[in-house]
Amino acid sequence: MERVVVVGAGLAGLRTVVGLREQGYAGELTLVGAESRGPYDRPPLSKAILSGKSDDSALPFDPDELRVDFRPGVRATRLRGDVVETAGPGEVSGPDLDFDGLVLATGAEPVVLPGEGARYLRTHDDAHALRAALRPGAAVVIVGAGWIGAEVATVARTVGCRVTVVEQAPTPVAHALPPQVGRHLAPWYAEAGADLLLDHRVAAVGPNTVDFADGTTLRADVVIVGVGVRPATGWLADSGLELDRGVVVGADLAAGRRGVYAVGDVAARWSPRYGARVRGEHWDDALRAPAVAVANLLGGAQTYDPVPYVWSEQFGRMVQYAGLPAAGLPASTPAAGPPGAEPDVPGTQLVWRGDPAADDRWSVFWLDQDARVAAVLAVDQPRDFVAGRRIAESGAAVDPALLADPAVSVKSS
Ligand code: FAD
């Protein structure tokens, strides 16, 4: 292998070029990044940068040391055979880059709602623009009570904005958490002084308006939308690669064409663990997948199949979530332990440690029909989380009765 091109200079792209050199690749290496800056971390955008605790989240990156031809401000526009077509700043046509190895790391872009002028939070520049707009007393409407919406609401309230969060689902974080769990996150909004409007479907957004499907309108000084992301695959439309909510890759992260791999938010990988296709969307994936893609690009035969992991810092709490409760599980079994007496995701049993209605710190485990940990959510319970994630990774079973006892540490049976 002599010429490797990496498209996308986020965390996954950076980890790919680092991994290539670490794993002994000595040939030509080109890193193409649509943004004008070097690789940076995105989680701080909605936390330290938005709150003003930090101005920058640049990741350590020395192109000379890595012997990488880094091309900031250059966008890949098309993949044609073994050539990546590019455009420079101002969409001026750039050079064609031919390769014998290609790693796609173009990440994801915010889902955009109908209407012009609302804000989105994905880039360094977005974060700084939003920070400037979050002035004390400003009326802020956040569309979406997911991970990002909650983090933005947290900072906006800390700054002293008047905050309303609108969400079409009946509970927060509904894309990831079933209502029986998600409903316990709802009171955090009111405690922080933010209004939470659930079951409110938004039809359109503007710079100062949110139009609901029922014909009513909410006015605000700042409107921010955080309703999810979609993988940045537009430029690959006629590439011949299989695209299905991401670049479809196997557990080896190969994209079905010799020498082509995808990592991070843009990848939709096959998970043997879950018997399902799993999308990135989380920092941990962008960090860890590239080493496996690189090993395979260089002739290895590794599998990438971790338990997905995400964390979120919201309303003074550390929320950690790992697993995939719904994947590949058969019919419903009864739930156990306080206070989750209701059935949850079909085929899983919910086990609670602590009572979310009464305790500040709690965790909940989804067990499959063999009492293995399918997922764990922990609120300010890092020990429960670390142990639960490890057990989920191992596939070991737990004793539900012992697990439900907060006085007993989390362990496999
Ligand atoms: P990205 O970071 O999106 O990087 C992709 C890069 O590719 C971008 O710079 C993009 O401009 C570039 N690109 C796109 N198309 C092209 C093209 N055609 N040509 C060239 N370049 C291109 N995850 C967590 O687990 N916990 C958190 O707390 C958390 N907080 C977050 C907060 C915010 C505000 C955001 C936006 C994300 C957060 N995430 C969090 C998600 C996490 O940051 C992402 O999963 C991670 O950044 C994915 O990395 P990536 O390299 O795959 O993609």
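What counts and how
- Residues numbered from 1 in each chain as written.
- Predicted model: local features only at pLDDT ≥ 70, side-chain atom pairs only at ≥ 80, totals over all residues.
- Helix = DSSP H or I, 4+ residues; strand = E, 2+ residues; numbered from the N terminus.
- Rg over C-alpha atoms; globule rule 2.2 N^0.38 Å.
- Buried ≥ 20, exposed ≤ 12 C-beta atoms within 10 Å, placed from the backbone.
- Contact = placed C-beta atoms within 7 Å.
- Pairing = 2+ DSSP bridges.
- Domains from an automatic or database assignment.
- Nonpolar A, V, L, I, M, F, W, Y, C, P; charged D, E, K, R; others polar.
- pLDDT = per-residue confidence, 0-100.
- Right-handed = clockwise from strand over helix to strand, strands pointing away.
- Core = buried A, V, L, I, M, F, W, Y, C linked by C-beta atoms within 7 Å.
- UniProt positions renumbered as here; feature names shortened; annotations may be inferred.
- Near = placed C-beta within 6 Å.
- Axes fitted to C-alpha atoms, helices over the stretch in contact; angles between N-to-C directions.

J.: Help me understand the overall build of the protein in this model?
T.: Scanning the protein for helices and strands turns up 10 helices and 26 strands. Its C-alpha atoms give the protein a radius of gyration of 22 Å, near enough to 22 Å, the size a compact globule of 413 residues would have. Seen through its C-alpha atoms, the protein measures out along the principal axes to roughly 60 × 55 × 35 Å. Going through the 413 residues of the protein one by one, you find that 46% of them count as buried. Long-range pairs, those at least 24 residues apart, make up 57% of the contacts in the protein with a sequence separation of at least 6.

J.: What am I meant to see in the sheet that holds strand β10 (residues 139–143) here?
T.: Within a sheet, each strand pairs with its neighbour through backbone hydrogen bonds, oriented either parallel or antiparallel. Ordered in space as β9-β16-β10-β11-β12, the five strands form an open sheet in which the pairing is parallel. Each edge of the sheet is formed by a strand with only one pairing partner; in this case those strands are β9 (119–120) and β12 (195–197). When β10 meets strand β11 (residues 162–166), the two strands line up parallel, connected through five bridges. Bridge assignment links valine 141 to a residue of β11, and that residue is threonine 164.

J.: What should I look at first to understand the domain arrangement of the protein in this one?
T.: Size of an interface: often given as the accessible area lost when the parts come together. Domain parsing of the protein yields domain 1 (3–109 + 229–297), domain 2 (119–225) and domain 3 (320–403). The gap between the C-alpha centroids of domain 1 and domain 2 is 30 Å. The leading source of residues in the side of domain 1 that touches domain 2 is helix α2 (residues 48–51), at three residues. Here the side of domain 1 that touches domain 2 is composed, by residue class, of four nonpolar, three polar and four charged.

J.: Explanation requested: the confidence of the model for the protein in the structure shown.
T.: For any part of a model where pLDDT is low, the fine detail of the predicted coordinates should not be relied upon. The pLDDT averaged across the protein works out to 93; a share of 95% of its residues lies at or above 70. Counting contacts from residues 327–343, a segment whose pLDDT is below 50, to residues more than four positions away or on other chains yields 47 contacts. As a predicted assembly, this complex carries a pTM of 0.95 together with an ipTM value of 0.99.

J.: What exactly am I supposed to notice about the pairing of β10 here?
T.: Consecutive side chains along a regular strand alternate between the two faces of the sheet. With four of five residues buried, β10 lies mostly within the body of the structure. Between β10 and its parallel partner β11, the chain crosses via helix α5 (residues 147–159), and the hand of that crossover is right-handed. Two elements, β10 and strand β16 (residues 222–225), share four bridges in a ladder whose sense is parallel. Directly across from valine 140, in β16, lies its bridge partner valine 222.

J.: I would appreciate a short explanation of the nonpolar core in the present structure.
T.: One broad rule of soluble globular proteins: the nonpolar side chains tend to lie buried together. Ranked by size, the top nonpolar core spans 73 residues in total, and within it Val140 and Ile224 carry the most contacts. Filtering out sequence-adjacent residues up to four positions away, valine 140 remains in contact with Leu134, Ala156, Cys161, Arg162, Val163, Ala220, Asp221, Val222 and Ile224.

J.: Looking at this structure, I do not really get the UniProt feature "domain: FAD/NAD(P)-binding" (unreviewed entry) in the protein. What am I missing?
T.: According to UniProt, the "domain: FAD/NAD(P)-binding" (unreviewed entry) feature falls on residues 3–286. Helix makes up 20% of residues 3–286 and strand 29%, whereas the separation of the span's terminal C-alpha atoms amounts to 22 Å.

J.: Please clarify how the site of the ligand should be interpreted in this entry.
T.: Near the ligand there are 37 residues, and of these Gly8, Gly10, Arg42, Gly107 and Gly264 occur at the shortest range. Here the shell around the ligand is built from residues that sort into 19 nonpolar, 11 polar and seven charged. Counting contributing residues per domain, the shell around the ligand is built from domain 1 (3–109 + 229–297) and domain 2 (119–225), each supplying no fewer than three.

J.: It is not clear to me how the sheet that holds strand β24 (residues 349–353) should be interpreted in this structure. Could you clarify?
T.: In spatial order, the strands read β22-β23-β26-β25-β24; together these five strands make up an open sheet with antiparallel pairing. Both edges of this open sheet fall to β22 (309–314) and β24, since each of them pairs with a single strand only. Ignoring strand direction, the axes of neighbouring strands in this sheet form an average angle of 15°. The pairing of β24 with strand β25 (residues 362–367) spans five bridges and is classified as antiparallel. Bridge pairing in β25 links valine 351 to phenylalanine 365.

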